[in-house]
Every structure is written in structure tokens, then in C-alpha cells.
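The primary structure of each chain is shown beneath.
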Amino acid sequence: MRYTGLIEKYRDTLPVSDDTLIISLGEGNTPLIKLENILCEMGTHVELYIKYEGLNPTGSFKDRGMTMAVTKAVESGSRAIICASTGNTSAAAAAYAARAGIKAFVLIPEGKIALGKLAQAMIHGSTIIQIKGNFDDGMQLVKDVAEFAPVSIVNSINPYRLQGQKTAAFEIIEELGYAPNYHCLPVGNAGNITAHWMGYTEYHEMGKSDSTPIMLGYQAEGAAPFVKGARVDNPETIATAIRIGNPQSWDQALKLSKDSNGWFDCFSDKEILATQKMLTEKEGIFCEPASAISVAGALRDIKSGKIPDGSSVVCTLTGHGLKDPDTAIAQCDQSAMINVNPTLNEVKKAILDHM
Ligand SMILES: *Cc1c(COP(=O)(O)O)cnc(C)c1O
């Protein structure tokens, strides 16, 4: 059978009926890639896999939730959706609204959106409302305005979003044949870590895996409410996708972290960028800064022995590196660009000098 997206594939576990009109762009079914060079250099026997969610239709895992949220919004007769976003939710909302033929309104923090995400929200024809405030301010405004305007909220407080996102865990269990010992994720609103835990526990209860993973959540130092144990007023980090001080899935994430025997930790922007670059240079995998934090976390905890030798670990790479070209270019050595005249000699010399 051919599947066109995750709702078709996993419809038995999702809140849809035979009559539901499915709004899909063929999301899900992303690659699980085993890291080789980095682990080999470390000399560890941990097996570390990357779930490359940047290969979803709009370049982030948000598509998994958005196919469900927009499908259910259309089913309920909604003609417009709204979200607050650090970027990827707005890109996904804009694309799925276009697919469904309905309107999307997106609230974004002025000047704090990665270029690729802004381009997506604009080109898909959503109405962009820029606010002089951060994501947390935008989220509150969306909740307030939705009481008065005929719009469906498609942020991760919409329960259908997490239903769609839980399918990432299903795919991992199906591909590995078991649940990993550890699962590492970047944490912003904590919707995705909550959705993964839902997926893992559902499959465990259905007898499709023997165990559930220990869930590890990583945050940026300047936006680390789970590490500090309290909300953060002015979150700041170069990893704009997780620049969030007041996580919407706070209670769920604290509970699943405890239930799974997991932990939270945080990283500086410098460490985040170094990991992003290492993944591109040593493994050929390009993710956005926020995504790299899951690998930074896994590697630190493998080195320290918190994740013991012999474990299997999956890291979710939440978004594609092309989302944020400015940050990628800024952190590269500009002298790696060699300027020459268009002659055979100069090009030959440039190659020989750099072998
Ligand atoms: C949304 C997002 C996150 C954070 O996910 P939450 O569900 O808010 O914790 C992390 N990385 C990227 C790239 C994102 O777009």
C-alpha cells in the first residue's frame, strides 16, 4: 500500500474517521541516520542515531503536528488558523493552510525569526503580524484573541499537534525494531518531548516495544526554564527556535522527565554552534542551531558516562540547517573562500595549495 502521509499510515492511532478530509503534504517517514565518524573518534560503543526531521515538507518536525491540526480545523468548519511562532510553526501553518485553502495568521517576534522561516511564511501567503515582543508575549496574545475571533489555534497547546508529532516515536521503534535506551531532544515549549513520550508509551502499551526510553531535554543557557526550575522572563539565545521562557507543556514535561528517569541540561550558544558545525563537517548532516543541542547533550552525557557504554540513543534533529542561512554563514571561516582570476593556472594553484 502507498501512504501519502503520517495520518494515512497511522490512522488507527489518531483521532480521525473514515470521512475525515486529510490535509497532507506527505510528512513523516524521515530518515534515521547512524552517526559514524564522531562516535568512532570518541571510541565509544554507544549507538547514536539521528532522526532527521529537517527532511519534512517544510523543513521541520512541525509538519507532523500541523497535518493533524489543520485537518481537524478544516473538519470543524474553521476558515482560518492562528499561531504564535519562533518561525517553524508559522512556516508549517502557512503551508498547510495554503494546501487546505484557508487563511493563516502568524504572530512572530520582530527581528528574531531565521531568514528561511520568514521566507516560507511570506511566500505561502500567510498574514504575518510582527510584534515588538518575544514568543511568550505572542502566545498570550494568540490565546486572548482566539476568544473573540473565528480562528483555530494551531500552537502545540492544540492537542491534535501532539497527536501528529507522537508518530516520530512510532517510526523509530519500527525502524530499530526496539525503543532506544535514551531519546534526546531540544526543548522550547516542550510539546515535542511530550509528544515523543506519548508515542513511546502508546507503542509500549500496545506491545510493540519492550521498554520506553529515558527522555533527555536540552535547552539554551539563556532560555532554560526547565534547568532553572522556573520560568525565564527575557529568554535569549542564537537558537531562536527554542528562545522560549514560559513553556506551554510545562507540567507534562516535568512529569515525563520524572517518569522516564530523565533529566534536563543546558548549553551555551557557543557550544550549540560548535555542535552544529561538527555535524555538518564530520557527518554531512546540516541542522539548525536549536536542533544541534540534542546532539550536544547526547555527546556530553556519553563522555561523562551518564549515558553508559553500550546504550542506544536517538537524537531528534528538529529542523533543517537551511532554515537559518545567516547563522550558518556567520560561523564559518570566510577565508575558506578563495578569490582567483578565471584562469587554469590560478584555479590549479588554489587546489594544490589546499590539498
Ligand atoms: C519548535 C522547535 C523546537 C522546540 O520544540 P518544542 O515542542 O517547542 O519543545 C526545537 N527545534 C526546532 C527546530 C523547532 O522548530
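Thresholds applied
- Residues numbered from 1 in each chain as written.
- Predicted model: local features only at pLDDT ≥ 70, side-chain atom pairs only at ≥ 80, totals over all residues.
- Heavy atoms only, no water.
- Salt bridge = Lys/Arg side-chain N within 4 Å of Asp/Glu carboxyl O.
- Helix = DSSP H or I, 4+ residues; strand = E, 2+ residues; numbered from the N terminus.
- Buried < 20%, exposed > 50% of the residue type's maximum accessible area, 1.4 Å probe, protein only.
- Pairing = 2+ DSSP bridges.
- Domains from an automatic or database assignment.
- Contact = heavy atoms within 4.5 Å.
- Buried area = accessible area lost by both parts, 1.4 Å probe.
- Polar contact = N/O pair within 3.5 Å; in protein donor to acceptor, adjacent residues only side chain to side chain.
- Nonpolar A, V, L, I, M, F, W, Y, C, P; charged D, E, K, R; others polar.
- Phe/Tyr/Trp six-rings, centres within 6.5 Å; stacked < 30°, edge-to-face > 60°.
- Lys NZ or Arg CZ within 6 Å of the ring centre and 35° of its normal.

(A) Molecular detail of the pattern of salt bridges. The full count for this structure, using the stated rule, is 18 salt bridges. Among the ionic pairs, E202 bridges to K166, the shortest N-O distance being 2.9 Å. Residue E202 is located in helix α9 (residues 191–205), and its partner K166 is located in the loop between α7 (159–165) and α8 (167–176); the two are separated by 36 residues in the primary sequence. What makes E202 partly exposed here is its relative accessible area of 22%.

(B) Representation of the sheet that holds strand β5 (residues 127–131) within the structure. Reading across the sheet, the four strands line up as β5-β4-β3-β6 and stay open at both edges, with parallel pairing between neighbours. Among the strands making up the open sheet, the edge pair consists of β5 and β6 (152–153). Two elements, strand β3 (residues 80–84) and strand β4 (residues 103–109), share five bridges in a ladder whose sense is parallel. Note on β4: the bridge partner recorded for I82 is F105.

(C) Quick look at the domain arrangement of the protein. Partitioning the protein into structural domains gives domain 1 (6–59 + 161–331) and domain 2 (62–157). Once you take the C-alpha centre of each, domain 1 and domain 2 turn out to be 22 Å apart. Each partner contributes to the interface: domain 1 provides 47 residues, whereas domain 2 provides 37 residues. On the domain 1 side of the interface with domain 2, the three residues burying the most area are I23, R161 and K323, jointly 26% of the side's total. Applying the counting rule to domain 1 against domain 2 returns four salt bridges. Of the charged contacts, one joins E171 and R64 as a salt bridge, the two residues approaching to 2.9 Å between their closest N and O atoms. For the pair domain 1 and domain 2, the interface holds 22 residue pairs in polar contact (both at pLDDT 80 or more). Contributing elements (two or more residues each) for the side of domain 1 that touches domain 2: α1 (6–9), α7, α8 and α14 (325–330). Considering only residue class, the side of domain 1 that touches domain 2 consists of 17 nonpolar, 18 polar and 12 charged.

(D) Expanded view of the packing of aromatic side chains. All chains considered together, the criterion is met by six aromatic pairs. Residues F226 and W250 carry aromatic rings whose centres are separated by 4.7 Å and whose planes lie at 20 degrees to one another, so their mutual orientation is stacked. Separated by 24 residues along the polypeptide, F226 in helix α10 (residues 225–228) and W250 in helix α11 (residues 250–259) bring together distant segments of the chain. Each member of the pair, F226 together with W250, is buried. Chaining the aromatic ring pairs together yields one cluster made of Y10, F170 and Y203. Over the ring of W250 we find R231, and its NZ or CZ is 4.8 Å from the ring centre. The lysine or arginine in question, K306, covers the ring of W263, its NZ or CZ lying 4.5 Å from the ring centre.

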